[in-house]
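Descriptive analysis of the structure
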Amino acid sequence: MANIESSTAHKLLQSFMQFRKTGWHDKKVAGFNPSEFRVLIAIYREANAKNTEMKVSEISQLLQVTPPTITQIINVLERDGLIERTVDAEDRRAVKIKLTPAGIKATEDGRKAFTETFTGLVDYLGEEESKHLADLLFKVQQYFNDVSR
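In what follows, the accompanying structure is described. Owing to the predicted nature of the structure, the values given are computational and were not obtained by experimental measurement.

Rules and cut-offs
Residues numbered from 1 in each chain as written. Predicted model: local features only at pLDDT ≥ 70, side-chain atom pairs only at ≥ 80, totals over all residues. Heavy atoms only, no water. Core = buried A, V, L, I, M, F, W, Y, C linked by side-chain atoms within 4.5 Å. Buried < 20%, exposed > 50% of the residue type's maximum accessible area, 1.4 Å probe, protein only. Helix = DSSP H or I, 4+ residues; strand = E, 2+ residues; numbered from the N terminus. Contact = heavy atoms within 4.5 Å. Pairing = 2+ DSSP bridges. Axes fitted to C-alpha atoms, helices over the stretch in contact; angles between N-to-C directions.

Right, let's talk about the nonpolar core for a bit. Val 39, Ile 43, Ile 59, Ile 74 and Ile 83 are the most contacted members of the largest nonpolar core, which has 23 residues in total. When contributions to this core are tallied by element, the ones reaching two or more residues are helix 2 (34-46), helix 3 (56-63), helix 4 (67-79) and strand 3 (95-99). The greatest single-element share of this core, amounting to seven residues, is contributed by helix 2. With residues near it in sequence (within four places) discarded, Ile 83 still touches Leu 40, Ile 43, Ile 74, Leu 77, Glu 78, Ile 97, Lys 98, Leu 99 and Thr 100.

In this section: the sheet that holds strand 2 (residues 83-87). One open sheet holds the three strands; their spatial order is 1-3-2, and the pairing between them is antiparallel. In the strand order of this sheet, the two ends are held by strand 1 (54-55) and strand 2, each with one partner. Sheet topology places strand 2 next to strand 3; five bridges connect them, and they run antiparallel. The partner of Ile 83 across the bridge, within strand 3, is Leu 99. On top of the sheet, helix 2 reaches strand 1, strand 2 and strand 3; it is set at about 95° to strand 3, its chief contact.

Quick look at the structure:
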């Protein structure tokens, strides 16, 4: 097993620390913070694509986040005119959520910007290195899943 004092283990540690410092996972996507963007994408994929609506609990389960957290995000998105809430006709206690036309456009613009970022990375690294990096990142994720059990 590698020792943290080994040059390879140390280089990996430094790489992970530098990667985290870039804050890329905290950066806004098309003007949205990552959690807002994830909720928009979830609603877009699960509700609007199927011409239906979602409950907060469904979004919560899908994103593996607590309902109060989703409710806070929904409040912001509603205030910005990106989603609308309606009372469920069958269960008046339940609220259904869907994207407004502005929300659909914002989500599509965000998806395009997000995709362009990763397309740019592929252009920067090249196809072969990008595939290799993706394979390695999947392996890293599997390793951390295995050691955390």
